[in-house]
2 protein chains.
Amino acid sequence: MNIPGDEFYTLLAAALNHRGEETLQRALYLALREAILCGRLLSGCRLSGSRVLAQQLNFSRNTVNAALEQLTLEGYLLRNRQGTRVAQRVQRHAAEKAPEPAVTLAKRVSQLPAPVPRNTPVPAFTPGMPAINYFPLPLWRRLYDRVLREEGSALLGYGDPAGEPSLRVAIARHLALSRGIDCDASQIVITEGALEGVNLCTMLLSEPGDIAWVEDPGYAGAKSAFVKYGLTMVGMPVDDEGMRWEEKNAASPSLIFTSPSHQFPHGSVLSARRRLALLALAQQRKAWIIEDDYDSEFRYVGEPVPAMLGMIKNAPVVYLGTFSKTLFPSLRMGFMVLPPALAKATRPAIGALLRGGHRAEQRALALFIEEGHYARHLAAMRRLYRKRYRQLREALSAELHVAHRVLAGEGGMHLTIAIDGIDDRAIVEQARAFQLAPAALSGYYLDTKQGQTGLVLGYGNTSASQFAPGIRRIQALITQQRGGKA
Amino acid sequence: MNIPGDEFYTLLAAALNHRGEETLQRALYLALREAILCGRLLSGCRLSGSRVLAQQLNFSRNTVNAALEQLTLEGYLLRNRQGTRVAQRVQRHAAEKAPEPAVTLAKRVSQLPAPVPRNTPVPAFTPGMPAINYFPLPLWRRLYDRVLREEGSALLGYGDPAGEPSLRVAIARHLALSRGIDCDASQIVITEGALEGVNLCTMLLSEPGDIAWVEDPGYAGAKSAFVKYGLTMVGMPVDDEGMRWEEKNAASPSLIFTSPSHQFPHGSVLSARRRLALLALAQQRKAWIIEDDYDSEFRYVGEPVPAMLGMIKNAPVVYLGTFSKTLFPSLRMGFMVLPPALAKATRPAIGALLRGGHRAEQRALALFIEEGHYARHLAAMRRLYRKRYRQLREALSAELHVAHRVLAGEGGMHLTIAIDGIDDRAIVEQARAFQLAPAALSGYYLDTKQGQTGLVLGYGNTSASQFAPGIRRIQALITQQRGGKA
């Protein structure tokens, strides 16, 4: 219609009769807006004055005026001394006819590692999951509440992009004592778990198309970071001395990702001679080593292995730590330790990229460390996991009858067993029906079809009573897959 | 030395005498390790048996054996029936001589926006900062504690990568009522503020080298995301109807970033006709619009402007929301609303990229919304900010004597004033000394040297008593910069 008459009022009245919880003004606004968008009120069409409209609709003139003002503000109406008109080109005809937008994802998306299913409660054998029911939650709640009570709203704003200073000081002290790393708070950046650390290193230290060495098998999170930034990954095999490489053949990397203290998922420790050789190689080729120290606090044979970062002066190493394994995963807290010159050079970028959030959690964690709760919790978990480690070894000896090798792994919270000639991903898929969530060893390889098959059994959050029945069930699934032959 | 004799024991004894808090075993391990690394104990050198060592050092044999075992585990020593020898190539000579690694950052790092200084307490006029001292913190503490008390350790593990279902349901309900968006929880992904939303959209929906349209001036966070992923940014000017573009000249974008409800920092509302035209353009060119709805809950003239996402069916729009402005920044909580097909297509990638953390915070926020506290807080803040907005306008009229234009901005928590012919970044720099932190308008442009100069004055967290003295101080700085002429 061009000149709104009775039909217009009928339309408006109908819309207003059907209004829900909105105010009259809002309902009138919505009805007029819809009438314009759908083309019932044509461009250029002149509306009656607010006095007439108010009379016709039996509304107050204020209500009508407010709705007209809003539509004018948003550009549906033009108001001037001559009156109120519908604006040009405010009908959605054309746009409305289009089908749902076609979805074409970026090419890199297809190269991302497979997502890990997450369930609550956590199924038995889930790798990477600490004993969350042993975490001193009442104490944590008290500390968190104390921080917010004492600091109040000051902690609600943005903080230092690198993280709360008190937490960075506490971490530096802990690293000196437990990991042989001599650093100060200015070298530490708090991150969302270790994953954000890999993302930041990749963003800051590599160009698209550069080469990244990764351990093969290795940590999926690192691969997702390298995929995101368009790096070419070269997989390095892993044996009982950790990552292994052929110097002469390999193209020079920009980044070398390694988990030297406890290779994930293989479990081996990068030997002293390979550590030194890798450090020398990185120096020669101007590469950075990203040292993922995800669970080195837990070792059951001997002591935690010192970090590569502290091994030589001026090591070209960025150290990544996480509290996901030592405290709890949903805390999403980790950190990077950068060499002094790198810390200085990246400060403006860190300021542009990070926002300094989760301040109360960071302050609570600083107290948790400084007051000694962290060291106590680590010691308790070390005892618990050591016990579970031995119990799981016993359960494997007793219940797993298929030929297998337990790969080195006297530490952390998982055991990796190599089993030749099984479809490990099928076994893992079937095991989910029984509330068991081991991971397929082959899934950690760059080429998942070429990898060693086997199972990664997390025992951090699995009680010993679940070990024997769980392994029996897995044995049964393997037997079934092999057509009844164990 | 090749065969350790007296000299060796002297060396060990000296190291052990200087031990700190370590156990004897740890001290012995460290002393031996250092002797090997620094080359005092040569490769192939044979150590005395543990019995002899224990006698010489006056330690228990267990202590000595444990230290030797640890060094063997780490590859410094080789032990077999013939005895204990130092391994090959475990001296750090070569690596140690290298200088501190040269730092060459990725090229893109130089294109990142400048970092924003963050101070506690927050200085007056800081943009983007809500009234954090009005946030109902005791209530929040109770809700957070209640969630952890009731749910216990179940919340400590990884959650749904897209975020807690209860929060996503609460957000969907809120969006339907307040933003005219009809969506369900499966379309919502919880993010670390709006920034992670832009990062994810860019990662998932564009290739390096693609074009992104950005508003110029515009939000720095979007620019950092586009820089990270190697997009080419094309700046679109902004006027009183929002973003403006020339269809024929511009190369086709993959992504169009806009803040239509309240352009940042200009303050204008994208008009209905431009919204429809932009939607049609995105459909034709198969681009995605990223709609940044950062502070639209706050409008002081009229009602919040409905989102573009709900404007037409099948809109090619990803909607970004944040709680940084409506609750508090250090919460670091935001969300994306994806069209259904996009939500479905990106689910595996979201599962690979996100970890589902901060579960207790997310549950507490769900309760905060569902129990009506969120709506009440929004209403209270709307009243507060409306008042502050008017008071700041008055202070500007009374105290700012330099020629200036107040750009549209009847909403949100900042006012932008254009002032020609000043060095706005110098003024901002000088104002910091007086605990004032307005932002320089020119700093929000792609080419910061070409931008309109002026000041962005945040009033969300600035009490009215600071307005007049603050503006007087700014006036004085401008007068001073102009050599005494106002």
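Small disclaimer: the values here were computed from a predicted structure and weren't measured.

A.B. asks: Any chance you could explain the overall build of chain A here in plain terms?
C.D. replies: On a plain count of helices and strands, chain A comes out with 15 helices and 15 strands. For chain A, the spread of C-alpha atoms along the three principal axes comes to 90 × 60 × 50 Å. Burial statistics for chain A: of 486 residues in total, 60% are counted as buried. Intrachain contacts of chain A at a sequence separation of at least 6 include 74% that bridge at least 24 residues. Of the roughly 18900 Å² of accessible surface on chain A, 50% is carried by carbon and sulfur atoms. Positive and negative side-chain charges of chain A, numbering 57 and 44 respectively, have mean locations separated by a distance of 3 Å.

A.B. asks: Even after reading the chapter, I still don't get the sheet that holds strand β12 (residues 405-406) of chain A, so can you show me in this structure?
C.D. replies: Across a sheet, strands are paired by hydrogen bonds formed along the backbone, either parallel or antiparallel in direction. Residue and element names in this part refer to chain A. With antiparallel pairing, the four strands of this open sheet are ordered in space as β12-β13-β15-β14. Of all strands in the sheet, those with a lone pairing partner are β12 and β14 (439-440), marking the two edges. Both β14 and strand β15 (residues 454-458) contribute to a ladder of two bridges, which runs antiparallel. Opposite Ala 440, over in β15, you have Leu 455 as the bridge partner. Against the sheet, helix α13 (residues 373-399) engages β12, β13 (414-418) and β15, with an angle of about 25° to β13.

A.B. asks: Even after reading the chapter, I still don't get empty space enclosed by the protein, so can you show me in this structure?
C.D. replies: Summary: where empty space remains is shown by rolling a probe the size of a single water molecule over the atoms. Taken as a whole and assessed by the stated rule, the structure comprises twelve cavities of 30 Å³ or more. Approximately 880 Å³ is the volume found for the largest cavity. Lining the largest cavity are 44 residues, with Glu192(A), Glu196(A), Leu354(A), Glu192(B) and Glu196(B) positioned closest to its centre. When contributions to the lining of the largest cavity are tallied by element, the ones reaching two or more residues are β4 (188-191), α8 (193-205) and α9 (220-228) of chain A together with β4 (188-191) and α8 (193-205) of chain B. Taken together, the residues of the lining of the largest cavity break down into 19 nonpolar, 15 polar and ten charged.

A.B. asks: It is not clear to me how the packing of aromatic side chains should be interpreted in this structure. Could you clarify?
C.D. replies: How two aromatic rings sit relative to each other is set out by the distance from centre to centre and by the angle between their planes. Taken as a whole, this structure holds 36 aromatic pairs over all chains when the rule is applied. For the ring pair Phe323(B) and Tyr374(B), a centre distance of 5.6 Å and an interplane angle of 65° mean the geometry is edge-to-face. With Phe323(B) in the loop between β10 (317-322) and β11 (334-337) and Tyr374(B) in helix α13 (residues 373-399), the pair connects residues that are 51 residues apart, well separated along the chain. The two residues Phe323(B) and Tyr374(B) agree in class, both being buried. Counting every residue linked through ring pairs, the aromatic cluster contains Phe135(A), Trp140(A), Phe328(A) and Phe368(A). Taking the ring centre of Tyr158(A) as reference, the NZ or CZ of Arg118(B) above it sits at 4.1 Å. Cation over ring: Arg473(B) sits above Phe434(B), and NZ or CZ is 4.1 Å from the ring centre.

A.B. asks: How should the relation of the copies chain B and chain A be read in this particular structure?
C.D. replies: For the pair chain B and chain A, the superposition axis carries a translation of 0.0 Å, the fit reaches an RMSD of 0.1 Å, and the rotation angle comes to 180°. Accordingly, the operation relating the two chain copies is best matched by a two-fold axis. Residue Tyr229(B), judged by its C-alpha, is the member of chain B lying nearest the rotation axis, at 3.4 Å. Of the interface residues in chain B, 99% have counterparts in chain A that sit at the interface too, so the contact is made through matching surfaces.

A.B. asks: Sorry if this is basic, but what is going on with the nonpolar core here?
C.D. replies: One recurring pattern in soluble globular proteins: nonpolar side chains tend to sit buried together. Ranked by internal contacts, the top residues of the largest apolar core, which has 244 residues, are Trp140(A) and Trp140(B). Excluding residues within four positions of it along the chain, Trp140(A) makes contact with Phe135(A), Phe328(A), Leu331(A), Glu361(A), Ala364(A), Leu365(A), Phe368(A), Tyr144(B) and Leu148(B).

A.B. asks: Is there a simple way to think about the interface of chain B and chain A in this case?
C.D. replies: Interface size is commonly expressed as the accessible area that is lost once the parts come together. If you look at the interface, chain B gives 111 residues, while chain A gives 110 residues. Summed over the shared surface of chain B and chain A, the result is two salt bridges. Asp145(A) is the partner of Arg141(B) in a salt bridge, and the nearest nitrogen-oxygen pair spans 3.0 Å. If you look at where chain B meets chain A, you find 29 residue pairs in polar contact (both at pLDDT 80 or more). Ranked by residues supplied to the side of chain B that touches chain A, first place goes to helix α11 (residues 340-353) of chain B with ten residues.

A.B. asks: Could you clarify how one ought to interpret the sheet that holds strand β2 (residues 77-80) of chain A in this entry?
C.D. replies: Residue and element names in this part refer to chain A. Read across the open sheet, the three strands follow the order β1-β3-β2; overall the sheet is antiparallel. Here the strands that pair on one side only, and so sit at the sheet edges, are β1 (46-47) and β2. Bridging between β2 and strand β3 (residues 83-86) involves four bridges; their strand directions are antiparallel. Bridged to Leu 78 within β3 is Arg 85. Along the sheet face, helix α4 (residues 61-73) touches β1 and β2 and points at about 115° away from the line of β2.

A.B. asks: Help me understand the packing of helix α1 (residues 6-17) of chain B against helix α3 (residues 50-57) of chain B in this model?
C.D. replies: Each pair of packed helices can be summarised by the angle the axes make with each other and by the distance between the axes. Residue and element names in this part refer to chain B. Across the interface, α1 lies against α3 with an axial gap of 11 Å and an inter-helix angle of 60°. In terms of axis orientation, α1 runs oblique to α3. Once α1 is placed against α3, the crossing between them reads as right-handed. Between α1, through Phe 8, Tyr 9, Leu 12 and Leu 16, and α3, the contact on the second element is made entirely by Val 52, Leu 53, Gln 56 and Leu 57. Residues of the contact of α1 with α3, tallied by class, amount to seven nonpolar, one polar and no charged.

Basis of the calculations
Residues numbered from 1 in each chain as written. Chains lettered and ligands numbered in written order. Predicted model: local features only at pLDDT ≥ 70, side-chain atom pairs only at ≥ 80, totals over all residues. Heavy atoms only, no water. Helix = DSSP H or I, 4+ residues; strand = E, 2+ residues; numbered from the N terminus. Buried < 20%, exposed > 50% of the residue type's maximum accessible area, 1.4 Å probe, protein only. Contact = heavy atoms within 4.5 Å. Areas by Shrake-Rupley, 256 points an atom, 1.4 Å probe, with all protein chains shown as cover. Lys, Arg positive; Asp, Glu negative; His and termini not counted. Charge placed at Lys NZ, Arg CZ, Asp CG, Glu CD. Pairing = 2+ DSSP bridges. Axes fitted to C-alpha atoms, helices over the stretch in contact; angles between N-to-C directions. 1 Å grid on protein atoms, 1.4 Å probe; cavity = no way out; pocket = protein on both sides within 12 Å on 5 of 7 lines; lining within 4 Å. Points joined across faces, edges and corners; volume = space filled by probe spheres on them. Nonpolar A, V, L, I, M, F, W, Y, C, P; charged D, E, K, R; others polar. Phe/Tyr/Trp six-rings, centres within 6.5 Å; stacked < 30°, edge-to-face > 60°. Lys NZ or Arg CZ within 6 Å of the ring centre and 35° of its normal. Least-squares fit on C-alpha atoms with pLDDT ≥ 70 in both. Core = buried A, V, L, I, M, F, W, Y, C linked by side-chain atoms within 4.5 Å. Salt bridge = Lys/Arg side-chain N within 4 Å of Asp/Glu carboxyl O. Polar contact = N/O pair within 3.5 Å; in protein donor to acceptor, adjacent residues only side chain to side chain. Parallel < 35°, antiparallel > 145°, perpendicular 65-115°, else oblique. Left-handed = near helix turned anticlockwise from the far one by under 90°.

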